[in-house]
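Below, each chain spelled out in residue letters.
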Amino acid sequence: MIGRITGTLIEKSPPTVCIDVNGVGYDIDVPMSTLYSLPETGARVTLYTHLTVREDAHLLYGFATPAERSAFRELIKVSGIGARIALAVLSGMSVNDLAQAITLQESGRLTRVPGIGKKTAERLLLEMRGKLGADIGATAHAVPDSQSDILNALLALGYSDKESLAALKGLPEGVGVSDGIRQALKALAR
């Protein structure tokens, strides 16, 4: 497995880049987020890679960060999601946005990505639930610090991420923790 490549960027031809490593040019498919973060041709670059070996080809995919590579690897495990669609997802949204969409079960954010319809988005949300850091830690970053204590209390009481975040949206700004928990529980009881 080729896990990382460091060399000279010699060509950008979206979605493929070519990196020269000691005289050997590697064609690497990258998401647009990685392509935009690359320097001009002639500069040294390092990409985290994923190698796919098929009967007819060896394909190399590159990413600017290990988190992008991990997200790609999780995406291609989902049935119906191939490497091209996984690259399109990572081109259309950051890893944090993807994790947040999965945590909040927002299929609408995923259907905006070319190649992903409603059924594929729902399958992706179902199979990716609890992966990519799309858990309490990722959800806590989606809310202001003043409301994170309220969110953590609701999660500790057994409410789901989606229910807890929906209850937080109905709270007035600057509400105290105890009052916020009380009001959120009232909202959830309805």
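Preceding this section is the structure that the text describes.
Here the structure is a predicted model, which means the values were calculated and not measured. (Residues numbered from 1 in each chain as written. Predicted model: local features only at pLDDT ≥ 70, side-chain atom pairs only at ≥ 80, totals over all residues. Heavy atoms only, no water.)

## Thoughts on the overall build of the protein
Rules: Each helix is a run of DSSP H or I of at least 4 residues and each strand a run of E of at least 2, with the numbering of both proceeding from the N terminus. Throughout, radius of gyration means the C-alpha value; the globule benchmark is 2.2 Å times the number of residues raised to the power 0.38. Only protein chains enter the accessibility calculation, which uses a 1.4 Å probe; a residue is then buried when its area is under 20% of its type maximum, exposed when over 50%, and partly exposed in between. In this description, contact between two residues means that some pair of their heavy atoms is separated by no more than 4.5 Å. Areas reported here follow the Shrake-Rupley algorithm with a probe of radius 1.4 Å; residue values treat only the protein chains shown as occluding. Lys and Arg are tallied as positive, Asp and Glu as negative. Neither His nor the chain termini are counted. A single reference atom marks each charge: NZ on Lys, CZ on Arg, CG on Asp, CD on Glu.
Tallying secondary structure elements over the protein gives 10 helices and five strands in all. The C-alpha radius of gyration of the protein comes to 20 Å, more than 25% above the 16 Å expected for a compact globule of 190 residues. Taken over the C-alpha atoms alone, the protein extends approximately 65 × 35 × 25 Å along its principal axes. For the protein, buried positions account for 38% of its 190 residues. Counted over contacts in the protein with a minimum sequence separation of 6, partners at least 24 positions apart contribute 51%. Total accessible area on the protein stands at roughly 10200 Å², and carbon and sulfur atoms take up 51% of it. Counting 20 positive and 20 negative side-chain charges, the protein places the centres of these two groups 5 Å from one another.

## A word on the pattern of salt bridges
Operational definition: Salt-bridge detection follows one rule: a side-chain nitrogen of Lys or Arg within 4 Å of a carboxyl oxygen of Asp or Glu.
Tallying each qualifying case throughout the model produces seven salt bridges. Notably, a salt bridge pairs Arg54 with Asp56, separated by 3.2 Å at the nearest N-O pair. Using a relative accessible area of 61% as the deciding quantity, one classes Asp56 as exposed. Linking Glu122 and Lys118 is a salt bridge whose minimum nitrogen-to-oxygen distance equals 3.1 Å. With Glu122 and Lys118 both in helix H6 (residues 118–128) and four residues apart, this pair spans about one turn of that helix. What emerges from the salt-bridge pattern is a single network uniting Asp97, Glu106 and Arg109.

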